[in-house]
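# Notes for the structure review
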Amino acid sequence: MSRKIGIVGSGVVGQTLANGFVKHGYDVTIGTNTPGKREELKAKTYGKAAVGSFEDAAVFGDIVVLATKGTAAESALRAAGIANLKGKTIIDTTNPIAERPPVNGVLQYFTSANESLMEKLQALAPEAQFVKAFSCVGNAFMVNPDFGGVTPTMFICGNDEGAKNGVKTILDQFGFEVADMGAAEGARAIEPLCILWCIPGFLTNSWTHAFKLLRR
Ligand SMILES: NC(=O)c1ccc[n+]([C@@H]2O[C@H](COP(=O)([O-])OP(=O)(O)OC[C@H]3O[C@@H](n4cnc5c(N)ncnc54)[C@H](OP(=O)(O)O)[C@@H]3O)[C@@H](O)[C@H]2O)c1
């Protein structure tokens, strides 16, 4: 599997995953749409990731991580260059959080129940292989989280089995067991897990949990 990761998105998720991939021996380029943020990004990635534009990250990565604000995800993909994503696995961390405040701790989404942000992104870049991942856990727990010996579950979905297998390998390195929720439509169920994950945070300032799927 390729070791070249491009990260489109400069927020805490982009930074956390950039440092996680570096830790696991990958070559990383992280991109921001704001040139003034590049120096800060170099510091936040300890000089170990290359820093550039969204397009630089998309060109560099054989695997591309999308880690922008949900409302900006489509414009970020356009800025990255749809042609630059052709044939590549896109790890989609985004959630469709609306620009409206939570209601009693419940985030509002700009998508409805029978659609998802990832399906829109897959339609925008049909020759890329989107895999939803890292969307249902807080950034503090994205890289080898310690839950006292219990392995948390990462819910993923996507249309391409090969792309999902590559992401499963990465998630195994990052300390997760994988629950594969099928094709892209599975994102209609995975994206709302972020709403559920955030409720204890907004209501009781409790942000230190992750999902675990019990099986027998
Ligand atoms: N924070 C978490 O713990 C967490 C956990 C799971 C999933 N997620 C999801 O991961 C994604 C990233 O979250 P985040 O917390 O790292 O940061 P964020 O603030 O949601 O996103 C930051 C990124 O979005 C870009 N952006 C914002 N507005 C834009 C616009 N109008 N046009 C183009 N780009 C724009 C920023 O561009 P610049 O580079 O130019 O600043 C930056 O790269 C979100 O979709 C979030 O729902 C977050």
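See above for the structure.
The following paragraphs examine the structure supplied in this document. Keep in mind that this is a model prediction, so the values were computed, not measured.

## A word on the packing of aromatic side chains
A complete count under the given rule lists seven aromatic pairs for this structure. Note on Phe21 and Phe174: the rings are 4.9 Å apart at their centroids and 55 degrees apart in plane angle, and the pair reads as tilted. Remark: Phe174 occurs in the loop between α6 (161–173) and β8 (177–180) and Phe21 occurs in helix α1 (residues 12–23); sequence separation between them is 153 residues. An angle of 90 degrees between the planes, with centres 6.4 Å apart, marks the rings of Phe134 and Phe176 as edge-to-face. Of this pair, Phe134 sits in the loop between β6 (129–132) and β7 (153–158) while Phe176 sits in the loop between α6 and β8, and the two are 42 residues apart along the sequence. No difference in accessibility class separates Phe134 from Phe176, as the two residues are buried. Site record: aromatic cluster; members linked through ring pairs are Phe21, Tyr26, Phe134, Phe174 and Phe176. One residue, Arg3, lies across the ring of Tyr26, its end atom 4.0 Å from the ring centre.

## Regarding the nonpolar core
Core analysis: the biggest nonpolar cluster contains 64 residues, and Ile7, Leu17, Phe21, Val28, Ile91 and Phe134 have the highest contact counts within it. Look past the residues within four positions of Ile7 in its chain and what remains in contact with it is Gly14, Leu17, Ala18, Phe21, Val28, Thr29, Ile30, Gly31, Ala57 and Val65.

## Section: the state of the cysteines
Applying the stated criterion across every chain yields a total of zero disulfides. Not part of a disulfide, Cys194 finds its nearest cysteine sulfur in Cys198, a span of 4.2 Å. Owing to a relative accessible area of 11%, Cys198 belongs among the buried residues under this scheme.

What counts, and at which threshold
Residues numbered from 1 in each chain as written. Predicted model: local features only at pLDDT ≥ 70, side-chain atom pairs only at ≥ 80, totals over all residues. Heavy atoms only, no water. Phe/Tyr/Trp six-rings, centres within 6.5 Å; stacked < 30°, edge-to-face > 60°. Helix = DSSP H or I, 4+ residues; strand = E, 2+ residues; numbered from the N terminus. Buried < 20%, exposed > 50% of the residue type's maximum accessible area, 1.4 Å probe, protein only. Lys NZ or Arg CZ within 6 Å of the ring centre and 35° of its normal. Core = buried A, V, L, I, M, F, W, Y, C linked by side-chain atoms within 4.5 Å. Contact = heavy atoms within 4.5 Å. Disulfide = S-S within 2.5 Å.

By themselves, these figures tell us nothing about what the structure is for.
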